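Examination of the molecular architecture
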Amino acid sequence: MRLRKPPATDRGPQLRAQGDRRVLQLLGAARVTGPLLLLAAGLGASLLLLLLHSRTPGSEWLQNLSLVFLFLSLSALLLATFRLRSQLLLPLVGLESSVERICQGEPGSSEALRDAGVLGDIAEDIANLNAELTDLYEDMDNRVARQTKRLAQKTASLKILYDVAAGINEAESLDELVLRYLHVIKEMVNGRAATARLVMSDGSRRLVGSIGLEGNLLHDYEMTPVDLCLCGTALSPGDILCRNDARFCSRVYGRRMFGGDEVEVVTVPLEHHEELLGTYTVFIAKPGISDREDIQEMLFSIGRHLGIAVAKLRSDAEGHRLSILEERNALAHELHDSLAQTLAGLRLQLKMLDDSLRDADISRDARADLGKLRGSLDQAHTELRELLYSFRAPMDRRGLVPGLEKLTERFRRETGVHTLFQDDCRPFELSAQAELQILRIAQEALANVRKHAAAHTVRVLLTRGSTGAYMLLVEDDGVGFRTGEVQEGAGERIGLTIMEERAVRIGADLRIESEPGEGTRVELVFPIERFGQEQTRVAA
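Everything numeric in this text was worked out from a predicted model, so none of it was measured.

How each quantity is defined
- Residues numbered from 1 in each chain as written.
- Predicted model: local features only at pLDDT ≥ 70, side-chain atom pairs only at ≥ 80, totals over all residues.
- Heavy atoms only, no water.
- Helix = DSSP H or I, 4+ residues; strand = E, 2+ residues; numbered from the N terminus.
- Polar contact = N/O pair within 3.5 Å; in protein donor to acceptor, adjacent residues only side chain to side chain.
- Pairing = 2+ DSSP bridges.
- Axes fitted to C-alpha atoms, helices over the stretch in contact; angles between N-to-C directions.
- Buried < 20%, exposed > 50% of the residue type's maximum accessible area, 1.4 Å probe, protein only.
- Expected span 1.5 Å × (residues − 1).
- Core = buried A, V, L, I, M, F, W, Y, C linked by side-chain atoms within 4.5 Å.

All right, on to the side chain of Thr408 then. Structurally, Thr408 is set in helix α10 (residues 400–415). Of note is the side chain of Thr408, whose polar atom sits 2.7 Å from the backbone oxygen of Leu404.

To continue, consider the sheet that holds strand β3 (residues 217–219). Ordered by their spatial adjacency, 5 strands build an open sheet running β3-β2-β1-β7-β6, and the pairing between neighbours is antiparallel. Pairing within the sheet leaves two strands with one partner each, and these edge strands are β3 and β6 (263–272). Each neighbouring strand pair of the sheet contributes to a mean axis angle of 20 degrees, computed without reference to strand direction. Strand direction decides the pairing type here: strand β2 (residues 205–211) and β3, joined by 3 bridges, are antiparallel. Among the inter-strand pairings, Ser210 is bridged to a residue of β3, identified as Leu218.

A large share of strand β12 (residues 520–526) lies buried, amounting to 6 of its 7 residues. Inspection of the sheet shows strand β10 (residues 470–476) paired to β12 by 7 bridges, in the antiparallel sense. By the bridge assignment for β12, Tyr470 is matched with Phe526. One ladder, built from 6 bridges, connects strand β11 (residues 509–514) with β12; its direction is antiparallel.

A few words now on α10. When the terminal C-alpha atoms of α10 are compared, their 22 Å separation across 16 residues agrees well with the 22 Å that a helix rising 1.5 Å per residue should span. Along α10, the residues that are buried comprise Leu400, Val401, Pro402, Gly403, Leu404, Leu407, Thr408, Arg410 and Phe411. Gly416, located one to two residues past α10, shows a positive phi value of around 75 degrees.

As a further point, take the nonpolar core. Counting residues in hydrophobic clusters, the biggest one holds 34 residues, and the most contacted among them are Leu400, Phe428, Ile438, Leu462, Leu472, Leu524 and Phe526. Only α10, α11 (432–453), β9 (457–464), β10, α13 (494–505) and β12 provide two or more residues apiece to this core. No other element matches the 8 residues that α11 contributes to this core. Core analysis: the next-biggest nonpolar cluster, separate from the first, contains 33 residues, Val189, Val208, Ile211 and Val310 among them.

So, in structure tokens, the structure goes:
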């Protein structure tokens, strides 16, 4: 079925009628209708009287009366003109000017619409429209300002991410890489304090550095000793949150502490392949950034980038450690195939010589020399076996402390000497080269105790001094010796010389103290910040 188009209707007459009625309403509201009717009546009466006066001679009163009506007409005209001007024309001009100012966006343009006369309804509608437009403009300005601020924040965040990505290969050590961006993250969220920790291979967390309320960046070796809060939390200068009574803890420790209702804790994980490698902890004044998803996402993105960097540095260190192990194994094979075979052959030949001379008539001195030669070869063979074992023994990935524990336990098991190992340090990291040299120094010191000291008790201590340097101490209660004799007979005490060379190789200081009958004390002092730089240079 085909639809018909409805016939067009001419609404022109209807609109004109509505316009006429609106004009009459405006004239009535302006109180112009009365004066106009009076004007029309006066002019009509004046014309009628003048017509009667022209037809009736001598009627002067008609003429005077027509003049009166004419005067009334002029008065009505003046009144209508005044009211038309004040109630319609002037408000119309003001309305036009206000509309123009509104279009130009001038402030306070709606104030001129208050005295609009009969156009008050129109002025009120225009004022309402102007208010809505003003609100719309303000809302738009606020949105633009927020978007501009977010763009500025994203630009700054992207710059930070670029700096992170560019600075990964510029860091001289793992600690420096982590501490470089601790201050950046703290300033990014306007934090009051912050700390940085790395997860060690055994799962413990090592405090790398912190920024306190004063804004100073402190490394781990500048924060000893670290107090413990009543709840058991380590209180570095960057830890300002107290889960007990903050005022009480502030009085006890002489430092400003905050409660959970004053600061918010933001933890930024350093992750790589879902493995936690470290954390940034930032303390922010309430209300914090819990409702700022953009900042939180940026912090986690920085954490992921730094996690990749930490994983890369540790992977490089592990690769370097494996290369050292390969070199040691290769050297052990070379020693086994050459020197070990030669010593085994010499021992066999010496045994054959001893058997052949058993019934021979030789001097007592010759037999004594033969016994010394056999003892020297046996000692050389034992030392070579120990050397091969140390070369082939894998380095513990968990660090220096487990290696020292294994070394001490093996010494106790093989010698039966009462041996103590004490670890008085917080967790720390060393390069593979430094760790190897320190273990070999400790091994050589224990070997000297076994050979020469005749000790009953041996103590191995790993501690940290007030200057931030670490110290490895190996001491015994054995027979001791005069240190001057070591300088005179360095060939007989070649092990001590090798220990000194190893210490010089890693930039450490070695001190040996001993007196006859007073035992021996071997101290190795090493600052770990040197080893981090060495590790990065080797990996590069």
